[in-house]
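Chain by chain, the residues run as shown.
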Amino acid sequence: MLDSKPTRSQPLTGSGSPQHEGGECNVVRHAQTPARCLDPWEAAYLRFETPEQEISKFVKRLKKMGAARWPRDAEILELFCGRGTGLHALSKLGFTRLAGADLSASLLAQYVGPAKCLVCDCRQLPFEDRRKDIVIIQGGLHHLPMLLDDLEQVLSETNRVLRDNGLIVVVEPWLTPFLSFVHVVCRSSIARRLSRKVDALATMVYYEQQTYKQWLGQPQAILSLLQKYFHADRCSFGWGKLMFAGRKKEGNLWRI
Ligand SMILES: C[S@@+](CC[C@H](N)C(=O)[O-])C[C@H]1O[C@@H](n2cnc3c(N)ncnc32)[C@H](O)[C@@H]1O
C-alpha cells in the first residue's frame with residue numbers, strides 16, 4: 001500500500017488580490033491559487049465519513065480543546081478546512097465570526113454556510129496582521145510537502161495573523177501504538193473489503209504517503225517548531241492524534 005506515489009501537494013503560489021469564486025457559497029479564490037478538481041485522495045476523503053459524522057466528531061473534539069470557554073464573538077480562522085465540516089461544528093457551538101482557508105476549490109465549494117472561505121495556500125495567508133483570536137488546524141499540516149520549512153511558514157503566518165495572546169489549536173496524526181495498529185489494518189485487503197471506512201483511509205494514506213510519512217517521522221522537530229511560535233497550554237497524544245493548544249508568543253517571529 002505504501003509504494004512510491006507522487007505527493008498530491010502543490011508548490012507554494014504567489015499572493016494577489018482575492019477574486020470571487022462565484023456560485024452560492026461564500027467562497028473567494030485568492031488570485032494565483034490554481035483551481036483543482038476532485039482527485040482520488042479527495043474522493044476517498046469524502047467517503048471516509050459523512051459530513052454529519054464529521055461534524056459531530058469535531059463538536060466533541062472542539063469541546064475537549066476548551067471551546068466552551070472561548071468567547072462566542074471570537075474571530076476564528078480554520079486553516080486546511082477542506083469541505084468545511086469544522087466550520088459547521090463551530091457554528092453549532094455558537095461561534096459566528098468564522099473564516100476558512102483551503103487550497104482545494106472543489107472541497108471548499110461543498111461548504112454552504114456563514115463562514116467566509118478563501119481558496120488559498122496556508123503557507124501564505126491573505127489576512128492582515130493581528131486580526132484573528134483563534135486559528136484552528138485539523139489534519140492539514142501533514143499534507144505539507146517540505147517539512148520543516150513549510151511547517152515553519154504556516155506557523156509563522158499563523159502567529160502573524162493572531163492577535164496578542166491569540167490561540168492556536170492543532171490536531172494532527174501522531175504515531176502512537178493505536179495509529180501503528182490502524183496502519184496494519186489498512187494493509188489488510190480483507191479489512192478493506194469488509195469496511196468502506198478502512199478502504200477510504202487506506203486510499204488516503206496511499207495518495208498522501210510521502211507527506212504523511214515525512215510528518216510521522218519527525219515528531220521532535222515538529223514539537224520544537226510549535227513551541228518556537230506558541231506557549232503550549234495543552235499538548236497530548238492519544239488515539240493516533242497530537243492535540244496541541246497554545247498561545248501566540250510575542251516578539252517578531254514572523255519570517256520575511
Ligand atoms: C485531511 S484534509 C483536512 C480537512 C479538514 N480540516 C478535516 O479535518 O476534515 C487536508 C486539507 O488540506 C488541504 N491542503 C493541503 N495543502 C494545503 C495548503 N498548502 N494550503 C491550504 N490547504 C491545503 C487539502 O486541500 C485538504 O482539504
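Conventions used here
Residues numbered from 1 in each chain as written. Predicted model: local features only at pLDDT ≥ 70, side-chain atom pairs only at ≥ 80, totals over all residues. Helix = DSSP H or I, 4+ residues; strand = E, 2+ residues; numbered from the N terminus. Buried ≥ 20, exposed ≤ 12 C-beta atoms within 10 Å, placed from the backbone. Contact = placed C-beta atoms within 7 Å. Near = placed C-beta within 6 Å. Nonpolar A, V, L, I, M, F, W, Y, C, P; charged D, E, K, R; others polar. Core = buried A, V, L, I, M, F, W, Y, C linked by C-beta atoms within 7 Å. Axes fitted to C-alpha atoms, helices over the stretch in contact; angles between N-to-C directions. Parallel < 35°, antiparallel > 145°, perpendicular 65-115°, else oblique. Left-handed = near helix turned anticlockwise from the far one by under 90°. pLDDT = per-residue confidence, 0-100. Pairing = 2+ DSSP bridges. Right-handed = clockwise from strand over helix to strand, strands pointing away.

A.B. asks: Where do I start with the overall build of the chain in this structure?
C.D. replies: Check the secondary structure of the chain and you find 10 helices and 9 strands. When each of the 256 residues of the chain is scored for burial, the buried share is 37%. A fraction of 70% describes how many contacts in the chain between residues 6 or more apart in sequence connect residues 24 or more apart.

A.B. asks: Mind showing me how you'd approach the site of the ligand here?
C.D. replies: Among the 19 residues in the neighbourhood of the ligand, the closest are listed as Phe 80, Gly 82, Leu 103, Ser 104 and Cys 122. A per-class count over the shell around the ligand returns 6 nonpolar, 9 polar and 4 charged.

A.B. asks: I tried to follow helix α3 (residues 85–92) on my own but got confused; where do I start?
C.D. replies: The α-helix winds at 3.6 residues per turn, so residues separated by three or four positions along the chain end up facing the same way. Judged by how many residues are buried, α3 sits mostly within the fold: 6 of 8 residues are covered. The inward-facing, buried residues of α3 contact α2 (51–64), β3 (75–79), β4 (97–102) and β6 (132–138). The positive-phi residue at the C-terminal boundary of α3 is Gly 94, with phi of around 100°.

A.B. asks: What am I meant to see in the nonpolar core here?
C.D. replies: Note that soluble globular proteins tend to have their nonpolar side chains buried in a common cluster. Grouped together as the largest cluster of nonpolar side chains are 52 residues, with contacts concentrated most on Leu 79, Ala 101, Val 135, Val 169 and Val 170. Take this core: its biggest share by element is 6 residues, from strand β7 (residues 162–173). Apart from residues no more than four positions distant in its own chain, Val 170 is found in contact with Ile 137, Leu 141, Leu 226, Leu 242 and Phe 244.

A.B. asks: Would you explain the packing of α2 against α3 in this entry?
C.D. replies: Between two packed helices, the angle of one axis relative to the other and the distance separating the axes together describe the packing. It is at 8 Å that the axes of α2 and α3 come closest, and there the two elements cross at 60°. Looking at the two axes, α2 sits oblique to α3. The handedness of the crossing between α2 and α3 is right-handed. Packed against α2, whose contacting residues are Pro 51, Glu 54, Ile 55, Phe 58, Val 59 and Leu 62, the element α3 presents Thr 85, Gly 86, His 88, Ala 89, Leu 90 and Lys 92 at the interface. Each residue belonging to the contact of α2 with α3 can be placed in one class, and the counts come to 7 nonpolar, 3 polar and 2 charged.

A.B. asks: Can you walk me through the environment of Tyr 212 in this structure?
C.D. replies: In this structure, Tyr 212 sits in helix α9 (residues 209–216). On the basis of neighbour counts, which here come to 18 C-beta atoms within 10 Å, the residue Tyr 212 falls in the partly exposed class. Between the alpha carbons of Tyr 212 and His 142 there is a distance of 5.4 Å; along the sequence they are 70 residues apart. Residues in contact with Tyr 212, not counting those within four places in the same chain, are His 142 and Val 205.

A.B. asks: I tried to follow the confidence of the model for the chain on my own but got confused; where do I start?
C.D. replies: One rule of thumb: low pLDDT means the predicted coordinates there are not for detailed reading. Looking at the chain, the pLDDT average stands at 88 and 84% of residues meet or exceed 70. Note that residues 1–25 has pLDDT below 50 and, in this model, 55 contacts with residues that lie over four places away or in other chains. Overall, residues 31–37 carries pLDDT values under 50, and its contacts beyond four positions in sequence, including any with other chains, amount to 20 contacts.

A.B. asks: How do you make sense of the pairing of β3 when you look at a structure like this?
C.D. replies: Here is the key point about a regular strand: its side chains alternate between the two faces of the sheet. With 5 of its 5 residues buried, β3 lies for the most part within the structure. The two faces of β3 match: Glu 75, Leu 77 and Leu 79 on one face and Ile 76 and Glu 78 on the other face are all buried. Across 5 bridges, β3 lies against β4 in parallel orientation. Note that in β4 the partner of Leu 79 across the bridge is Ala 101. You can see the chain leave β3, run along α3 and come back into β4, and the turn it takes is right-handed. As paired elements, β3 and β6 share 4 bridges and run parallel to each other. What sits directly across from Ile 76, in β6, is Ile 134.

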